[in-house]
Amino acid sequence: MLKKIILSLCLGLSNIAIAKSVALSFDDGLDPLINLEAQQINNDILNTLKQNNIHAIVYPNISRIGGTEGLNIISKWGKQGHRIGNHGNLHLNLNKNEVNLPNYLQDIQQGHQAFSSLKGFVPRYRFPFLKEGNTIEKREGVRKWLINHNYQSGAVSIDASDWYYNQLFLKYQQENDQNSLDKLKQAYIFHLLDRAKYYDDLALQTLGRSPKHVLLLHVRAINAAWLEDIISSFNKQGWKFIDSDTAYQDPIYKIQPQLLPAGESIVWNIAQIYGVKNLRYPAEDAPYEYSNLKKNGLNITP
Ligand SMILES: [Zn+2]
């Protein structure tokens with residue numbers, strides 16, 4: 001009997017050990033004055049999360065959500081138990097030479113002023129484009145600001161190109177091309193699962209364990225339409241959804257890599273530190289997706 005209990009405990013433990021976990025994060029948000037479907041897209045994503053009992057984190061950016069109405073839409077996330085972080089004001093790319101440190105810090109501060117009073121706000125900063133600086137001065141300057149302002153990492157472990165698939169989604173939707181939309185859905189879900197496996201494998205190869213992952217998505221029409229399919233596909237592949245607070249407890253999010261240019265996925269950074277060969281830069285980009293799209297019957301000419 002005792003043996004049986006111990007065995008089942010061990011099995012239980014080994015199950016826990018192999019269960020891969022991921023938190024969902026959604027960047028940017030939408031401006032209802034520019035995108036007439038902003039409210040609907042936001043509601044659809046929130047409803048799917050609710051139905052699946054998943055708590056996520058949203059990282060809004062002022063230039064993407066516009067004014068008060070965009071902020072009202074974002075505030076729904078906090079009211080429904082999700083976290084709200086800070087993704088800045090002008091969506092600046094810190095790796096660009098023309099973006100200097102004082103302006104960048106001011107931009108983070110503006111994001112803080114806009115979002116910190118919202119219910120569910122947590123002081124986490126998500127770098128636009130995941131770019132964390134092309135000089136030591138900028139990289140360390142922002143890190144110092146974040147520490148001094150009790151901010152924590154809004155890093156991701158699984159980067160992906162949902163923004164690019166969304167562009168195609170909108171194009172096919174506008175053309176009423178259901179056949180291409182069906183193919184795109186297959187390609188998109190394959191892409192997300194493939195990226196999740198890729199970054200998890202990199203972690204296994206370097207850290208020797210599967211970390212608590214954070215997946216980067218955006219508040220976009222494609223995710224409003226297909227989030228349910230994404231969730232069920234991840235579940236089928238053995239992924240378990242966790243909330244962002246739980247995910248960010250993983251020590252990988254405390255690492256401050258001494259790399260330049262700084263940024264990308266934290267797991268990708270760890271792989272760089274471990275000297276993993278053939279890491280492409282940037283880690284994710286639209287042209288990398290042409291072959292997956294082609295495999296799914298969509299010929300994209302750049
Ligand atoms: Zn963004």
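See the structure printed just above.
Residues numbered from 1 in each chain as written. Predicted model: local features only at pLDDT ≥ 70, side-chain atom pairs only at ≥ 80, totals over all residues. Heavy atoms only, no water.

(A) Inspection of a nonpolar patch on the surface at higher detail. Residues Leu207, Ile255, Ile273 and Tyr274 make up a contiguous nonpolar surface patch of about 360 Å² in total accessible area. Mapped onto the secondary structure, Tyr274 falls in the loop between helix H11 (266-273) and helix H12 (290-295). (Patch = residues over 30% accessible without salt bridge, like charges linked within 9 Å, V, L, I, M, F, W, Y side chains within 5 Å. Areas by Shrake-Rupley, 256 points an atom, 1.4 Å probe, with all protein chains shown as cover. Salt bridge = Lys/Arg side-chain N within 4 Å of Asp/Glu carboxyl O. Helix = DSSP H or I, 4+ residues; strand = E, 2+ residues; numbered from the N terminus.)

(B) Summary view of the packing of aromatic side chains. In this structure the tally under the stated criterion is 16 aromatic pairs. Each ring, one from Trp145 and one from Tyr151, has its centre 5.5 Å from the other, and the planes form 55°; the classification is tilted. Here Tyr151 falls in the buried class, since its relative accessible area comes to 7%. Through a chain of ring-to-ring contacts, three or more aromatic side chains come together here, namely Trp163, Tyr164, Tyr165, Phe169, Tyr188, Trp226 and Tyr290. Sitting above the plane of the Tyr198 ring, Arg195 keeps its charged end 4.5 Å from the centroid. When the ring centre of Tyr288 is taken as origin, the NZ or CZ atom of Arg280, which lies over that ring, is 3.7 Å away. (Phe/Tyr/Trp six-rings, centres within 6.5 Å; stacked < 30°, edge-to-face > 60°. Buried < 20%, exposed > 50% of the residue type's maximum accessible area, 1.4 Å probe, protein only. Lys NZ or Arg CZ within 6 Å of the ring centre and 35° of its normal.)

(C) Quick look at the nonpolar core. The biggest cluster of nonpolar side chains holds 87 residues, and the ones touching the most others in it are Leu24, Phe26, Trp77 and Phe234. Ranked by residues supplied to this core, first place goes to helix H8 (residues 178-206) with eleven residues. Each residue touching Leu24, except ones within four places of it in the same chain, is listed here: Leu49, Ile54, Ala56, Ile57, Leu215, Leu217, Leu227, Phe241 and Ile242. (Core = buried A, V, L, I, M, F, W, Y, C linked by side-chain atoms within 4.5 Å. Contact = heavy atoms within 4.5 Å.)

(D) Seen up close, the coordination of the zinc ion. Only Asp28 (OD), His87 (NE2) and His91 (NE2) from the protein reach the zinc ion as donors, at distances of 2.0 to 2.1 Å. Linear spacing of the donor residues for the zinc ion on their chain is D-x58-H-x3-H. With respect to burial, His87 and His91 carry one shared label: buried. (Donors = N, O, S within 2.8 Å, 3.2 Å for Na, K, Ca; no water.)

(E) Focus on the pattern of salt bridges. The tally for this structure, following the rule as stated, stands at 14 salt bridges. Arg220 is paired through a salt bridge with Asp28; the nearest N and O atoms lie 3.1 Å apart. Of this pair, Arg220 sits in the loop between strand E7 (212-218) and helix H9 (221-236) while Asp28 sits in strand E1 (residues 20-28), and the two are 192 residues apart along the sequence. Residue Arg220 shares its accessibility class with Asp28, and that shared class is buried. Residue Asp245 is joined to Arg83 by a salt bridge in which the shortest nitrogen-to-oxygen separation is 2.5 Å. Of this pair, Asp245 sits in helix H10 (residues 244-247) while Arg83 sits in strand E3 (residues 83-86), placing them 162 residues apart in sequence. Residue classification places Asp245 among the partly exposed residues on the basis of a relative accessible area of 26%. Since its relative accessible area comes to 30%, Arg83 is described here as partly exposed.

(F) Seen up close, H8. Between its terminal C-alpha atoms H8 stretches 42 Å, which fits the 42 Å expected from 29 residues at 1.5 Å a residue. Positive backbone phi, approximately 80°, marks Gly208, located one or two places after H8. (Expected span 1.5 Å × (residues − 1).)

(G) Region of interest: the environment of Leu118. Among the structural elements, Leu118 can be located in the loop between helix H5 (101-115) and strand E4 (121-125). Excluding anything up to four places from it in sequence, Leu118 contacts Leu71, Ile74, Ser75 and Ile84.

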